[in-house]
Structure formats: C-alpha cells, structure tokens
Amino acid sequence: MNQSELQKLVDSTLEGMEGFAVKVSLSASNDIKVLADLLEGHISIAQIKTISRAIASALGEQSEDYAIEVSSPGMFSPFTVEAQFRKNIGREVVIKLKDGLKANGKMTACDSQVLTLERTERVAKLVGKGKVDQIASL
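Residue indices follow the written sequence of each chain, beginning from 1 at its first position. At least 70 in pLDDT is required for a residue's local features to be given in this predicted model, at least 80 for side-chain atom pairs to be given and counted, and no such filter applies to totals for whole chains, interfaces and linings, which use all residues. Side-chain numbers come from the whole structure's heavy atoms, not from hydrogens or water.

Re the pattern of salt bridges
Logical step 1: Think of a salt bridge as a Lys or Arg side-chain nitrogen and an Asp or Glu carboxyl oxygen that are within 4 Å of each other. As enumerated under the stated definition, the model contains three salt bridges in all.
Logical step 2: Between lysine 87 and aspartate 37 there is a salt bridge, with its nearest N and O atoms 2.9 Å apart. A residue pair is termed long-range when its members are at least 10 positions apart, and lysine 87 in helix H3 (residues 82-87) and aspartate 37 in strand E2 (residues 31-38) qualify at 50 residues. Neither lysine 87 nor aspartate 37 differs from the other in exposure class; each is buried.
Logical step 3: The salt bridge involving glutamate 121 is made with arginine 119; its shortest N-O contact spans 3.3 Å.
Logical step 4: The exposure class of glutamate 121 is partly exposed, given its relative accessible area of 28%. Going along the chain from the N terminus, every DSSP run of H or I of four or more residues is numbered as a helix, and every run of E of two or more is numbered as a strand. Note on classification: 1.4 Å probe, protein chains only; a residue is buried when its accessible area is under 20% of the maximum for its type, exposed when over 50%, partly exposed between these limits.

As structure tokens, this is what we get:
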C-alpha cells in the first residue's frame, strides 16, 4: 500500500461516517497514522476502530508488518484542514496571528483565505468616563 492508496481508503471510509481526514501518513518504517474527525460532533471509539479495521483489512496478511494508529486530532491541536475551520464556525476559538500574537473570540466565518473572528472589547465611552463592551471583528 502506498500513501495515495491509503488516503483514498481512509477518505472512502470516512465518507460513510460524514467525516474527514485531518492527517494521513505512511512512513518508510510502515507506521500508519490517521487523524480523523466528523463534520458534526465528535468521532467515537467505534468509528476509530472501523477506520483501523478497514486499513488492516485492505492490507490483508501484510497488516502484521504495519503499526496502525487512528485517533482524533484532539481539542487543543491547531486546525490544519479547511473542514476543521468550517466545523468550528460559531464556536469560541484561539488563533495565532501572523505577528505571533494570539486572539480569541467566536469564529463567525471562514474560507480558504480569510477567517472572521468576533470578540468583545472594552472601549472608552464616547461621552463620560469609563468603558463599555463593543463587539469587534478581526
């Protein structure tokens, strides 16, 4: 099995679960690592087993020569594929800006080039002393 065949197998298995692959890798030492998630909700252990078994089944007798690891990316892992961004629209996220600073807020939209983050900022009142909350987009 090569990387392309592995990717196709994982993608077709996840398609039936309404899921997506975050990362699929096959090393020279026959280590297979798959990070997968669902478009809605969280991937279950049973679904992870299904993916692992599909890979082992496709390898047949050669499966003993491979180390197969299938898991979810984890809630604190950075987003790496567009489906992860789309899945998290409407949720609170922390992002790292190009200048290295971090910002947090509710992701309201995203596409392949732009991510819109809505957050509450404290700004000075227009009249009088003190500050008020203001919704700002980043």
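Quick look at the pairing of strand E4 (residues 92-96)
Regular strands have side chains that alternate between both faces of the sheet.
Logical step 1: Burial along E4 is one-sided: Val93 and Ile95 are buried, and none of Glu92, Val94 and Lys96, which face the opposite way, are.
Logical step 2: Following DSSP output, two strands are said to pair if at least two bridges run between them. Pairing between E4 and strand E5 (residues 102-110): five bridges, direction antiparallel. Counted as the bridge partner of isoleucine 95 is alanine 103 from E5.
Logical step 3: Where E4 folds back on E5, the antiparallel hairpin that results is connected by five residues, among which glycine 100 adopts a positive phi of roughly 95°.

Side note on the sheet that holds E4
Logical step 1: Here we have four strands laid out as an open sheet, ordered E4-E5-E6-E7, and antiparallel in their pairing. Looking at the sheet topology across the chains shown, the edges are occupied by E4 and strand E7 (131-137). The sheet shows a mean angle of 45° between the axes of neighbouring strands, direction not considered.
Logical step 2: Here strand E6 (residues 115-124) runs beside E7; their pairing, made up of seven bridges, is antiparallel. When the sheet's bridge partners are listed, glutamate 121 is paired in E7 with glutamine 134. What counts as an axis is a line fitted to C-alpha atoms, over the stretch in contact for a helix, and the angles between N-to-C directions run from 0 to 180 degrees.

Looking at the sheet that holds strand E3 (residues 67-71)
Logical step 1: Spatially, the three strands line up as an open sheet ordered E1-E2-E3, and their pairing is mixed. Two strands in the sheet have a free side with no partner beyond their single neighbour: strand E1 (19-26) and E3. For this sheet the average axis-to-axis angle between neighbouring strands, irrespective of direction, equals 15°.
Logical step 2: Bridging between E2 and E3 involves five bridges; their strand directions are parallel. If you follow leucine 35 over to E3, its bridge partner there is serine 71.
Logical step 3: The contact rule is simple, with two residues in contact once any of their heavy atoms fall within 4.5 Å. Across the sheet, helix H1 (residues 3-15) is in contact with E1 and E2; its angle to E1 comes to roughly 160°.

Topic: the environment of glutamine 3
Logical step 1: Topologically, glutamine 3 is positioned in helix H1.
Logical step 2: Of the residues examined, glutamine 3 reaches a relative accessible area of 33% and is grouped as partly exposed.
Logical step 3: C-alpha of glutamine 3 to C-alpha of isoleucine 51: the two residues are 48 residues apart in sequence and 16 Å apart in space.
Logical step 4: Each residue touching glutamine 3, except ones within four places of it in the same chain, is listed here: Val24, Ser25 and Leu26.

Here we look at the environment of arginine 119
Logical step 1: By the element assignment, arginine 119 lies in strand E6.
Logical step 2: Along the primary structure arginine 119 and threonine 13 are separated by 106 residues, whereas in three dimensions their C-alpha atoms are 37 Å apart.
Logical step 3: Setting aside its immediate chain neighbours within four residues, arginine 119 contacts Ala103, Asn104, Gly105, Gln134, Ile135 and Ala136.
Logical step 4: Side-chain atoms alone can form a polar contact between residues adjacent in sequence; in general such a contact is a pair of N or O atoms within 3.5 Å, and within protein one must be able to donate a hydrogen while the other accepts it. Of note is the side chain of arginine 119, whose polar atom sits 3.3 Å from the side chain of glutamate 121.

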